[in-house]
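# Structural description and commentary
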Protein chains: 2
Amino acid sequence: MTARTLQGFMELLPEEQIVMEKMKHVIAHTYELFGFAPLDTPVLELADVLLSKSGGETEKQIYEFKKGDTDLAMRFDLTVPLAKYVALYHNNLTFPFKRYQIGKVYRGERPQKGRFREFYQCDIDIIDRDELNIVYDAEVLAVIYTVFNKLELPTFKIYINNRKLLSGFLESLDIADKTVDVLRLVDKIKKIPAEAFLGELSEMGLPQDKNEALLKFIKTSGNNEQILSQLENLGISTENYVTGLEELKTVVNQAKNLGINPQNMQIDLSITRGLDYYTGTVYETFFDDYPQFGSVCSGGRYDNLSSVFMDKKFPGVGISIGLTRLFDQLRDNGLLKIAGPTPNKVLIVTQNPDYNDLAIKLAGELRRDDIAADVMIRSCKFKKKMEFANKIKIPYLIIIGEEEAQSQIFAIKDMVSGEQNKMTSSELIKFLKN
Amino acid sequence: MTARTLQGFMELLPEEQIVMEKMKHVIAHTYELFGFAPLDTPVLELADVLLSKSGGETEKQIYEFKKGDTDLAMRFDLTVPLAKYVALYHNNLTFPFKRYQIGKVYRGERPQKGRFREFYQCDIDIIDRDELNIVYDAEVLAVIYTVFNKLELPTFKIYINNRKLLSGFLESLDIADKTVDVLRLVDKIKKIPAEAFLGELSEMGLPQDKNEALLKFIKTSGNNEQILSQLENLGISTENYVTGLEELKTVVNQAKNLGINPQNMQIDLSITRGLDYYTGTVYETFFDDYPQFGSVCSGGRYDNLSSVFMDKKFPGVGISIGLTRLFDQLRDNGLLKIAGPTPNKVLIVTQNPDYNDLAIKLAGELRRDDIAADVMIRSCKFKKKMEFANKIKIPYLIIIGEEEAQSQIFAIKDMVSGEQNKMTSSELIKFLKN
């Protein structure tokens, strides 16, 4: 039998996995700082529950199968399971309900570089009954901002927009009936030249003046305040436009209250999130110097999470980080700080097996003081043990021989600087703890 | 569409999930303290890779299906994926290789109380090339001991044995050919009376004196030292027996070096782990006052992890905690400390929306100092906001009204003791940080 892993399924070496786990931890911790509670829904669901809302593209990609008489499917996102969860448990939840979920989802896409069939999504959503205050749209912005700051990745910018603005603008031009087609096209604006954009609008049967007005509108530029005042100055009074502008202003203002650096957020009227079910604020996040990564964190505001499952209205706002793809891109571009394949801070090596007992006792002491420590136990030459220490890139090394056994004073070596210090075991603990 | 979750798939409320995540965190952190590196293999594998080693029972339970032309299966444990992983990547790993994996596995059992079709396993294994030092068997014991201490669960005892002892004992009785049948029977010893045990041995065609010797052997009692000296005094000299006794002694002695309380570990010669592939040390863990939970952490030593995939020899030792079932049993017996449904330490409530901006700024400050904080923003009466605070069982509450807005002095209330203190925002941070 040949050992193989399925194509499109990420499997990391320990030194990489350690970095991945750190990223997951930073993301989860930040989500919790903002009051999001963890959730963990099943990977498998009834097929009809998962597919209740989805279109043809998703259905083709889904891992669906029968077990006995039951049609099962593996989740392809964390949103449908959340909709199901809220429908099932809303009487046991308190609203506004803030949850995060970090979990694997499955899409049977054709495997290709950078596409995964199993990948982590790291989602947050804030859900309320009937109505959700717009302030939460700013809070989501603050979460993205804090996560990417804490991850210590390249300079990023969060692009925000409000879909009501474009709808209201189209209404003011009297072409609201073209909204779906226009949305689809605006979504492509960064990939096609202006002429092609105008050409496609013409093909929809729109007159040239309106097309140009639309292009000018979605290309509105400047800093956030400048864009907001340009939007104000257009003097458009359709309800969608007025509400959208008011909401966008609130989000930008609250972002200041929440301490977001204006360098890291930018209103961009061309951001629409395509045909997704968003109805207000939308977000995309790009690295300034790596636009080819695409959006590394996206989401938005929606009117009704669980409409497929019930009559009650649960509006929400949320975002998702596609962690597996992000990790893959960062790694490919040498942007991850990958160190050794062990969580150990210190390794103890003995000059011969006579000192193993002492080494094992010392490791036990260190661990009881919350210091990850190990003894390399193997019937091999001392030289081999040192090769092991170097290969795992251990930060600190303690060697125990006759002298140390007699004096109970241990030499600890910083394997990066090469510096060496002699200490008692309690001094060791103090030293390694900081 | 009715929202439903599949039977046998655990789905928790936020207040429960928070406890579950804490348990996962304690387990992962302890594993790392002992130098185990995280791994994360796919949930889906090629069916032939997963089923390469398994017997009929597993195959019936497995979630297996076709996608296109490929036979896929969901993993039913974390051991076969580890065997595959080591076979694939052994040239990139350093040995001894210590890994942990906490992940969901799938078994399509008939759903019943306490049986899950999707459940977490929390595994550690230490693998070496050709030979793995027996000291690591004690280290695994120390890991179990530390995990269950840190989880703050009811009093537990780790039962250990070495399968070579029973094999060697059967050899000394000249009934080694019955080893498999005897193992199967010994595994049931705690569920059947002594007479039934002896009766079944007779049915195998074994003479009465040997049956009674066997029963006496596996019932050997006393503390660990007493059992070891009784085993010594039997004077058996078959190779298996001698090696097994030597290994068991080493494990018990090293357990002392590692600081394990002798109250929490007990040699029990009736522990065999049935027909599993273990070849030396075996472990089972029970709560003293809840034997009905069964073993909550089991494992052992094996000779060759990846034999299905390659010729090279990789002996190992490992254990697994079945976390989902453990959580379920602890919850059913009221043994979990379930608090509120939020990770927030403090909630800020405003007397009216005029103070929302101030509240949002304060929440931002707290979060920047790593304190989970939230503002309850909703167009509702103050009374409703207070109901929310009580419902989520928030540990600390800050109310902001006119006085606080003017003085910038905030009253923080300990919601458990009822105690209230007035402080500036920087004093608040200091107070909440400890």
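Heads up: the structure comes first, above all this text.
Here we summarise the structure given alongside this text. (Residues numbered from 1 in each chain as written. Chains lettered and ligands numbered in written order. Predicted model: local features only at pLDDT ≥ 70, side-chain atom pairs only at ≥ 80, totals over all residues. Heavy atoms only, no water.)

## Some remarks on the overall build of chain A
The criterion, for reference: By definition, any uninterrupted DSSP run of H or I lasting at least four residues is a helix, any uninterrupted run of E lasting at least two residues is a strand, and each is numbered from the N terminus. The buried label goes to any residue with under 20% of its type's maximum accessible area, the exposed label to any with over 50%, and the partly exposed label to all in between, with areas taken from a 1.4 Å probe on protein chains only. Contacts are assigned to residue pairs that have any heavy atoms within 4.5 Å of one another. Each accessible area value is a Shrake-Rupley result obtained with a 1.4 Å probe; residue values ignore everything except the protein chains displayed when judging cover. Just so you know, the count uses Lys and Arg for positive and Asp and Glu for negative, and it drops His and the chain ends. In this description, the location of a charge corresponds to atom NZ of lysine, CZ of arginine, CG of aspartate or CD of glutamate.
Check the secondary structure of chain A and you find 16 helices and 16 strands. Within the span of chain A, comprising 434 residues, buried residues form 58% of the whole. Residue pairs at least 24 apart in sequence account for 69% of intrachain contacts in chain A once pairs closer than 6 positions are excluded. Element-wise, carbon and sulfur atoms account for 46% of the exposed surface of chain A, whose accessible area totals about 18100 Å². A gap of 5 Å separates the mean positions of the 54 positive and 61 negative side-chain charges of chain A.

## A closer look at the side chain of Thr342(A)
Residue and element names in this part refer to chain A. Applicable threshold: N or O atoms within 3.5 Å of each other form a polar contact, as long as, within protein, one can give a hydrogen and the other can take it, and as long as residues adjacent in sequence are counted only when both atoms are side-chain atoms.
Within the secondary structure layout, Thr342 lies in the loop between helix H12 (323-332) and strand E12 (346-350). For Thr342, a relative accessible area of 14% puts it in the buried group. Engagement of the side chain of Thr342 in a polar contact is seen with the backbone nitrogen of Asn344, the distance being 2.9 Å.

## Comments concerning helix H16 (residues 425-433) of chain A
Residues and elements named next belong to chain A. Using the following cut-off: Arc, as used here, means the arc of the directions from the helix axis to the C-beta atoms.
The set of residues buried in H16 consists of Ser425, Leu428, Ile429 and Leu432. The buried residues of H16 all sit within an arc of 100 degrees when viewed along its axis, so they share a single face. On its buried side, H16 packs onto E12, helix H13 (356-368), strand E14 (396-400), strand E15 (410-414) and strand E16 (420-423).

## A look at the pattern of salt bridges
In plain terms, the rule: Just to be clear on terms, a salt bridge is a Lys or Arg side-chain nitrogen sitting within 4 Å of an Asp or Glu carboxyl oxygen.
Evaluation of the coordinates by the stated rule reveals 60 salt bridges over all chains. Note that Glu139(A) is salt-bridged to Lys98(A), the shortest N-O span being 2.4 Å. With Glu139(A) in helix H5 (residues 135-150) and Lys98(A) in strand E5 (residues 97-106), this residue pair connects regions lying 41 residues apart in the sequence. Comparing Glu139(A) with Lys98(A) shows no difference in burial state: the two are buried. Between Lys337(B) and Glu152(B) there is a salt bridge, with its nearest N and O atoms 3.7 Å apart. Of this pair, Lys337(B) sits in the loop between helix H12 (323-332) and strand E12 (346-350) while Glu152(B) sits in the loop between helix H5 (135-150) and strand E7 (156-162); the two residues are 185 residues apart in sequence, bridging distant segments of the chain. A single burial state applies to Lys337(B) and to Glu152(B), both of which are exposed. A single salt-bridge network, built from bridges that share partners, covers Glu16(A), Lys113(A), Asp328(A), Arg331(A) and Asp332(A).

## Focus on the nonpolar core
Generally speaking, a soluble globular protein has its nonpolar side chains buried in company with each other. Threshold: Grouping buried Ala, Val, Leu, Ile, Met, Phe, Trp, Tyr and Cys residues that are joined through side-chain atoms within 4.5 Å yields what is termed a nonpolar core.
Core analysis: the biggest nonpolar cluster contains 110 residues, and Tyr31(B), Phe148(B), Ile160(B), Phe287(B) and Leu326(B) have the highest contact counts within it. The element that contributes the greatest number of residues to this core is H5(B), accounting for 11 residues. Beyond its immediate chain neighbours, meaning those up to four positions away, Phe148(B) contacts Leu153(B), Phe156(B), Phe287(B), Val296(B), Cys297(B), Ile321(B) and Leu326(B). Grouped together as the second largest cluster of nonpolar side chains are 109 residues, Tyr31(A), Val182(A), Ile218(A) and Leu326(A) included.

## Some details on helix H8 (residues 194-203) of chain B
Residue and element names in this part refer to chain B. Among the residues making up H8, those that are buried are Phe197, Leu198 and Leu201. All buried residues of H8 project into a common sector of 95 degrees when viewed along the axis, lining one side. The outward face of H8, more than 90 degrees from its buried face, is lined by the exposed residues Glu195 and Glu203. On its buried face, H8 sits against helix H7 (179-186) and helix H9 (208-218).

## Some details on the interface of chain A and chain B
Selection rule: A quick way to say it: buried area is the sum, across both parts, of accessible area lost when two parts are put together, with a 1.4 Å probe. For this scheme, ten residues count as nonpolar: Ala, Val, Leu, Ile, Met, Phe, Trp, Tyr, Cys and Pro. Four count as charged, namely Asp, Glu, Lys and Arg, and the remainder, Gly too, count as polar.
Listed per partner, the contact involves 99 residues of chain A and 99 residues of chain B. A combined buried area of about 8200 Å² lies between chain A and chain B, and 57% of that area is made up of carbon and sulfur atoms. Per-residue buried area on chain A facing chain B is highest for Met1(A), Asp40(A) and Arg367(A); these three make up 8% of the total on that side. Notably, a salt bridge pairs Arg378(B) with Asp128(A), separated by 2.4 Å at the nearest N-O pair. At the boundary of chain A with chain B, the tally comes to 42 residue pairs in polar contact (both at pLDDT 80 or more). Its residues assigned to classes, the side of chain A that touches chain B shows 51 nonpolar, 20 polar and 28 charged.

## Topic: empty space enclosed by the protein
Defined as follows: A 1.4 Å probe that fits but cannot get out identifies a cavity on a 1 Å grid over protein atoms alone, an open set with protein on both sides within 12 Å along at least five of seven lines counts as a pocket, and a residue lines either if it has an atom within 4 Å of a point. Grid points are joined across faces, edges and corners, and a volume is the space filled by probe spheres set on the points.
This structure, assessed with the given rule, holds five cavities of 30 Å³ or more. Put simply, the largest cavity is a space of about 180 Å³. Lining the largest cavity are 20 residues, with Pro96(A), Lys98(A), Thr342(B), Phe388(B) and Ile392(B) sitting closest to its centre. Broken down by secondary-structure element, the contributors of at least two residues to the lining of the largest cavity are E5 of chain A together with helix H1 (14-33) and strand E13 (373-375) of chain B. For the lining of the largest cavity, the residue count by class is 12 nonpolar, five polar and three charged.

## A word on the relation of the copies chain A and chain B
What counts is decided by this rule: Least squares is the method used to superpose the copies, on C-alpha atoms of residues holding a pLDDT of at least 70 in both.
The operation relating chain A to chain B is a screw motion whose rotation component is 180 degrees, with 0.0 Å of axial translation and a residual RMSD of 0.1 Å. Both copies are brought into coincidence by an operation consistent with a two-fold rotation axis. Closest to the rotation axis within chain A is the C-alpha of Phe65(A), separated from it by 3.1 Å. The share of interface residues of chain A whose copies in chain B are also at the interface is 100%, consistent with both copies meeting through the same surface.

## Let's talk about unusual backbone geometry
The linkage connecting Phe95(A) with the following residue, Pro96(A), adopts the cis geometry, with an omega of 0 degrees. Within the element layout of this structure, Pro96(A) appears in the loop between helix H4 (79-89) and E5. The phi dihedral of Lys393(A) falls on the positive side, at around 50 degrees, and the residue is not glycine. Structurally, Lys393(A) is set in the loop between helix H14 (382-391) and E14. Of note in the backbone geometry, Asp130(B) takes a positive phi value of approximately 65 degrees without being a glycine.

## Overview of the sheet that holds strand E10 (residues 297-302) of chain A
Residue and element names in this part refer to chain A. We count it as follows: For two strands to be treated as a pair, DSSP must find no fewer than two bridges joining them.
If you walk across this open sheet you meet the eight strands as E1-E5-E6-E11-E10-E9-E7-E8, and the pairing is mixed. Both outer strands of the open sheet, strand E1 (37-38) and strand E8 (265-267), are each paired with one neighbouring strand and no more. The sheet contact formed by strand E6 (residues 118-127) and strand E11 (residues 316-322) spans seven bridges and is antiparallel. Note that in E11 the partner of Ile126 across the bridge is Val317.

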